[in-house]
Structure formats: structure tokens, C-alpha cells
Amino acid sequence: MAQTEINSQSANNPLITPEQDKLGYASFAQYLADSICKMKFSGGFAIAVYGGWNSGKSTLLNFVINYLQQKPENEQPIIVHFNPWLFSGNENITRQFFDQLQDVLSQVTSVPKGLKERIADIANVISEIPLPYTKATKAVAKLFDEEEKEASEIKEEVEQIVAQQPRRIVIAIDDIDRLGADDIRTLFRIVKAIPHFTNVVYLLFFNKAVVAKALAETGDSLEKIIQYAFEIPTPDQTSLRRLLFEKLNFIMADTPEELFESNRWGNIYLRGIDHFINNISDIVSFTNALTVMYPIVKGEVNAVDFIAIESLHLFCPSIYEKIYNNFPVS
């Protein structure tokens, strides 16, 4: 098996298509994609998917987008996939968000020109707001005042334009929790700056604890922004074992048979190591450690013993220290 395939299901190497699924995320992604297309709501709708680092959030989002793109033409939404982590600094995130939104909408013939122009206007004003932000909605209102229209009238106009165009707009934002606190607050201000227009769904993926803490510092909360939230599905133990063993097979390739006793490995794994492997993050941390350390001793130590000791080193460091400090030196 190729290294890229084995190492793919992690936060740094998310999978792209549901056919690659190893942890049972595909069915959840299909359910979420179906809901996004079929749900009825007044105004816009913000959906959050919560998960920790290395939990597979980016993989799940890729699967959702894949299923959305497979929908019949009359059901397929317009997808704006934005990853703010690719940009540094509040001003860049603001500018890039609106640039990408406008760029995607400009390529869709069914989107009225009026909507594209309004998005461009909002982008120009918000990108010029000095940091820290004043309320973005006030800046937008100022723009509308300059055009001698009340903000409420413009909002109604844009809502009508969006409602008339047949395709739902899905704005998917990933890796929010990898930003600094100021950038997190900026991103949510951007989301709030665009009124929740009918037929617009925000799909936000992030670590809830990290984002909630950043927003709380300025008195904001997720409950004011998110209409519905999911926790990322927890893979079953069988799927986790399968993924771990694939990675171990790659790391331990070319290990002499006499240094890897299969029966002993089975006993040590099921009676010990298996209890440490509860999520993708555990697999990533464990196999990363072995990737670095095992090549140094390959062919010189018993591989099963080495894996067992490294599992203690990572997951039970206090026990590892006791063993290390009391091991007789020859």
C-alpha cells in the first residue's frame, strides 16, 4: 500500500471522496448533504460541526461537498469553500473571504448581477474598516446611506434577489479553530456582516472549546450565531484498529520476522495498547512517534517490545519514567 494512502486519514492529509472512507464518515456526510438540500427555513441557516484537532473534520467536509456536487442539477447548491487558515492577519481573511465569495458567484450564470455587485460593495466597505472592528452592520448601513437608501430597504432588495435565484448557496468554512483568537472573532464578524439571507447555508467546522473561548472574550457566543450543531461522529473501535494497523504495517515494513512475534503482538495489543486508541488523534500521535523513533532501532530490537514501550512513553509517561529510571544499566 502506498504511503500517501496509509497516511491520508489525518488532519494534515484529509480524504477527498467518500470511496476512500475508512472510519464510517461517508454515511454521516451523505445525511448532512441531503439535509442541506432539502431543509426549509426562513432567512439563512448556520450549521456547525464540532470536533477536536485530528478528528477528521476536513475529511468530513470534503465528503459533504462531494455529495453536494453529485446532486442533480436542479438540486445542486452553489458551494463557496473557504479555508481562512491559508491567510494570515485579520485584513487578509476579510478581503479573501469576500473575494472568494464574489469569484464563485461571478462564475454562476443563474446568480443575478445585482447580487454580485452588492457583495462587491459590502467587501469594499468591510475590508476598509480599521481593526478592531466596529460593528460590521453599521459599516454596511453607512454604505447604503451614501447611496441614499436605508439599510433595511437594501437588505430587503438583496433578500429578494437571493430568493429568486433557484440554487441554494452553501458557504463552507473549515479550520476556524486553527486561527488566533483575533482572527476567529474577525471571521464570525464577517459571517454576521452578511445578513442571513433566505437560501444561504453556512457550514462551519471547528473545535467548539477553542472558538467559544475566543468569542467569549468580546461577549459573543456561538448560540447567537449557530442554529444547529453536530458533534463529529466517533469512529467505532474496529475502524480505528484497521486504520492503525495499516499505518503500523507501513512503519514496520521490512522488519525481520524473528523480531516481530505475531501471537505476542496480538496479546500485547488487545490487553494494553488497544485501550489507548480511542480516536484519530491517538492514532496520529502514536504513529508519528513510531515514524520518528523506529527507523533508528529497526533490526536491533524486538519490534513488539518497542511498540509497547513507545505506547507507554506517549500515553502513560509516568509509568514509562519509572521503567526508564529503574532499568539496570549494563
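Above this text sits the structure in question.
Here's what I pulled together on the structure shown here. Starting from 1, residues in each chain are numbered consecutively following that chain's sequence as written. At least 70 in pLDDT is required for a residue's local features to be given in this predicted model, at least 80 for side-chain atom pairs to be given and counted, and no such filter applies to totals for whole chains, interfaces and linings, which use all residues. Hydrogens and water molecules were not included; the side-chain quantities draw on all heavy atoms of the structure.

## Brief notes about the overall build of the protein
Next, step 1: Within the protein, the secondary structure is distributed over 14 helices and 5 strands.
Next, step 2: Under the scheme applied here, a residue whose accessible area is under 20% of the maximum for its type counts as buried, over 50% as exposed, and between as partly exposed, the area being computed with a 1.4 Å probe on protein chains only. Counting over 330 residues, the protein shows a buried share of 47%.
Next, step 3: We call two residues in contact when some of their heavy atoms are within 4.5 Å. A separation threshold of at least 6 residues defines the contact pool for the protein, and within that pool the share at least 24 residues apart is 77%. Helix and strand definitions here come from DSSP, where helices need a minimum of 4 consecutive H or I residues and strands a minimum of 2 consecutive E residues; each element is numbered from the N-terminal end.

## Digging into the sheet that holds strand β1 (residues 45-50)
Next, step 1: Strand order in the open sheet formed by 5 strands is β2-β3-β4-β1-β5, and the pairing between neighbours is parallel. With one partner strand each, in any of the chains shown, β2 (78-82) and β5 (228-231) form the two edges of the open sheet. Across the sheet, the mean angle from the axis of one strand to that of its neighbour is 15 degrees, orientation sign disregarded.
Next, step 2: In terms of strand pairing, β1 meets strand β4 (residues 200-206) through 6 bridges, oriented parallel. For Val49, the partnering residue across the bridge sits in β4 and is Phe205. DSSP calls a pair of strands paired once it identifies at least 2 bridges connecting them. Axis definition: a line fitted to C-alpha atoms, limited for helices to the stretch in contact. Angles are taken between N-to-C directions and run from 0 to 180 degrees.

## Here we look at the packing of helix α10 (residues 237-251) against helix α11 (residues 262-271)
Next, step 1: Packing of α10 against α11 leaves a shortest axis separation of 14 Å and a crossing angle of 135 degrees. Looking at the two axes, α10 sits oblique to α11. Once α10 is placed against α11, the crossing between them reads as right-handed. Residues Arg241, Leu244, Phe245 and Leu248 of α10 pack against Trp265, Tyr269 and Leu270 of α11. Each angle gets one of four labels, with under 35 degrees taken as roughly parallel, over 145 as roughly antiparallel, 65 to 115 as roughly perpendicular, and the rest as oblique. By convention the crossing between two helices is left-handed if the near helix lies anticlockwise of the far one by an angle smaller than a right angle, and right-handed if it lies clockwise.

## Notes on the environment of Phe28
Next, step 1: Its location among the elements puts Phe28 in helix α2 (residues 25-38).
Next, step 2: With relative accessibility at 15%, the residue Phe28 sits in the buried group.
Next, step 3: Placed 204 residues apart in sequence, Phe28 and Ile232 show a C-alpha to C-alpha distance of 8.9 Å.
Next, step 4: If near-sequence neighbours (up to four positions away) are discounted, Phe28 is found in contact with Leu60, Phe230 and Pro233.

## Let's talk about the pairing of β1
Next, step 1: Of all 6 residues that make up β1, 6 are buried, and the element is covered over most of its length.
Next, step 2: Residues Phe45, Ile47 and Val49 of β1 are buried on one face, and the alternating residues Ala46, Ala48 and Tyr50, pointing to the opposite face, are buried as well.
Next, step 3: With 4 bridges connecting them, β1 and β5 associate as parallel partners. When the bridges of β5 are listed, Ala48 appears paired with Ala229.

## Topic: helix α9 (residues 208-216)
Next, step 1: Buried residues of α9: Val211, Ala214 and Leu215, and no others. Take α9 and look down its axis: the buried residues cluster within an arc of 95 degrees, on one side only. Along α9, exposed side chains directed more than 90 degrees from the buried face belong to Ala209 and Lys213.
Next, step 2: The N-capping residue of α9, defined by a side-chain oxygen 3.1 Å from the backbone nitrogen of Ala209, is Asn207. Arc, as used here, means the arc of the directions from the helix axis to the C-beta atoms. Polar contacts, as used here, are pairs of N or O atoms within 3.5 Å; protein pairs need one atom able to donate a hydrogen and one able to accept it. Residues neighboring in sequence count only if both atoms are side-chain atoms.

## Some remarks on the pattern of salt bridges
Next, step 1: What makes a salt bridge here is a side-chain nitrogen of Lys or Arg within 4 Å of a carboxyl oxygen of Asp or Glu, nothing more. One pass over the full model with this rule turns up 8 salt bridges.
Next, step 2: In this structure, the salt-bridge partner of Arg185 is Asp182, at a minimum N-O distance of 2.4 Å. Pair noted here: Arg185 and Asp182 are both in helix α8 (residues 181-193), with a separation of 3 residues, about one helical turn.
Next, step 3: On the accessibility criterion, Asp182 (48% relative accessible area) is partly exposed.
Next, step 4: Close ionic contact of Arg241 with Asp274 constitutes a salt bridge, the shortest N to O distance being 2.8 Å. With Arg241 in helix α10 and Asp274 in the loop between α11 and α12 (280-297), this residue pair connects regions lying 33 residues apart in the sequence.
Next, step 5: Among the charged side chains, a network of salt bridges with common partners joins Asp182, Arg185 and Glu217.

## Focus on α12
Since the α-helix turns once every 3.6 residues, residues separated by three or four places project in the same direction.
Next, step 1: In this analysis, the expected span of each helix is defined as 1.5 Å times one less than the number of residues it contains. Look at α12: 26 Å from first C-alpha to last across 18 residues, which is about the 26 Å you get at 1.5 Å a residue.
Next, step 2: A residue's bend is the angle separating two fitted axes: one through the seven residues that end there, the other through the seven that start there. Largest kink in α12: about 30 degrees, centred on Thr291, with the proline Pro295 one to four residues after it.
Next, step 3: In the core, the buried residues of α12 are packed alongside α2, α10 and α13 (303-315).
Next, step 4: Sitting at the head of α12, Asn279 places a side-chain oxygen 3.1 Å from the backbone nitrogen of Ser281.

## So, the pairing of β4
Next, step 1: β4 sits mainly inside the fold: 7 of its 7 residues count as buried.
Next, step 2: Side chains of β4 alternate between two faces, with Val200, Tyr202, Leu204 and Phe206 and Val201, Leu203 and Phe205 buried alike.

## Some points on the nonpolar core
Next, step 1: As used in this record, nonpolar core signifies buried Ala, Val, Leu, Ile, Met, Phe, Trp, Tyr and Cys residues forming a set joined through side-chain atoms within 4.5 Å. Grouped together as the largest cluster of nonpolar side chains are 50 residues, with contacts concentrated most on Leu32, Ile36, Ile47, Leu60, Val64, Leu203 and Ile277.
Next, step 2: Core analysis: the second largest hydrophobic core is formed by 33 residues, Phe97, Val108, Tyr202 and Leu215 among them.

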